[in-house]
Amino acid sequence: MMTRDCLPHQVRLGELAVVLGDTLFVHGGLQGNYRDGHKECFGFVPPNRQYEDVRMWVRQLHRWKTEQIAEWEARPEWEIRRDQTSYASAYEENRRGGHGLMDYCVPNTLPSVVLGRHLDDSGMPAPLPPALEAKLAANGICRLVVGHTPHGNCPTVIQSAAAAAGTGPRVDIIMCDTSYSDMKAEDNRGKAASEVRLMTSDDL
């Protein structure tokens, strides 16, 4: 069992979402098929809070994640009452610290920036739905940078469908998980690495 002393620094210090200027960074994405019929996770903070302001959402999501880690450190093991006969009962009642954060990383559960993805059912890049694109644009976001889902051998840029059609603001997606780097290596990655840089015209 993982103990408090061996909790990876990446988990303790990492953030689920970050806004830098006009760019929103998340691990997986903002779209998905979640329980209760949710199709997107923008603004959602477990268990049921919703925010419209992207920067407030990012702050509250980080605060929730930090609280979940503290709960797990205080109660890392399942708490089974005398009238319970299995871990299943304890699981259903969330009787373990940090249970919400663990669920946040399980497919088809909570709306999650960790598990969201921007590919259609055939694995092809999918532009943002107009309503979601409008929400991001209203918050001054013009770029969404994601990873998580391997796709090709170079970053994939999904251009704004609304901007291309001349019907709305521009919010592009940059998918930065470039699949396997070296298929001949034992770990399918090897020593190869790629770097994605976002630059302004002043940087060129």
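What counts, and at which threshold
- Residues numbered from 1 in each chain as written.
- Predicted model: local features only at pLDDT ≥ 70, side-chain atom pairs only at ≥ 80, totals over all residues.
- Heavy atoms only, no water.
- Helix = DSSP H or I, 4+ residues; strand = E, 2+ residues; numbered from the N terminus.
- Buried < 20%, exposed > 50% of the residue type's maximum accessible area, 1.4 Å probe, protein only.
- Contact = heavy atoms within 4.5 Å.
- Pairing = 2+ DSSP bridges.
- Axes fitted to C-alpha atoms, helices over the stretch in contact; angles between N-to-C directions.
- Salt bridge = Lys/Arg side-chain N within 4 Å of Asp/Glu carboxyl O.

(A) Local environment of the overall build of the chain. Along the chain, the regular secondary structure elements total six helices and seven strands. For the chain, the succession of helices and strands along the chain, N to C, is α-β-β-β-β-α-α-α-α-β-β-α-β. Residues classed as buried in the chain amount to 37% of the 204 residues present. For the chain, restricting intrachain contacts to residue pairs at least 6 apart in sequence, the fraction spanning at least 24 positions comes to 62%.

(B) Region of interest: the pairing of strand 2 (residues 23–26). Of the strand pairs in this sheet, strand 1 (residues 17–20) and strand 2 are connected by four bridges, and their pairing is antiparallel. Counted as the bridge partner of V19 is L24 from strand 2. Connecting strand 1 to the antiparallel partner strand 2 that follows it, the hairpin turn spans two residues, and G21 within it adopts a positive phi of roughly 65°. Of the strand pairs in this sheet, strand 2 and strand 5 (residues 143–146) are connected by three bridges, and their pairing is parallel. Looking across to strand 5, one finds that L24 is bridged to L144.

(C) Structural view of the sheet that holds strand 7 (residues 172–175). Pairing within the open sheet is mixed, and its five strands lie in the order 1-2-5-7-6. For this open sheet the edge positions go to strand 1 and strand 6 (156–158), each flanked by a neighbour on one side alone. Each neighbouring strand pair of the sheet contributes to a mean axis angle of 20°, computed without reference to strand direction. Direction of pairing for strand 5 relative to strand 7: parallel, over a ladder of four bridges. Its bridge partner being in strand 7, V146 is matched across the sheet by M175. Those strands touched by helix 2 (residues 54–74) are strand 1 and strand 2, and its axis lies near 140° from that of strand 1.

(D) Layout of the pattern of salt bridges. Within the structure shown, the criterion is met by four salt bridges. Here R143 makes a salt bridge to D22, at a shortest N to O gap of 3.4 Å. Of this pair, R143 sits in strand 5 while D22 is found in the loop between strand 1 and strand 2, placing the two residues 121 residues apart along the sequence. Overall, the relative accessible area of 33% leaves D22 in the partly exposed class. A salt bridge links K135 to E40, with the nearest nitrogen and oxygen atoms 3.0 Å apart. One end of the pair, K135, is in helix 5 (residues 130–138); the other, E40, is in the loop between strand 2 and strand 3 (44–45), with 95 residues separating them in the sequence. In this structure K135 comes out as partly exposed when scored by relative accessible area, which is 29%.

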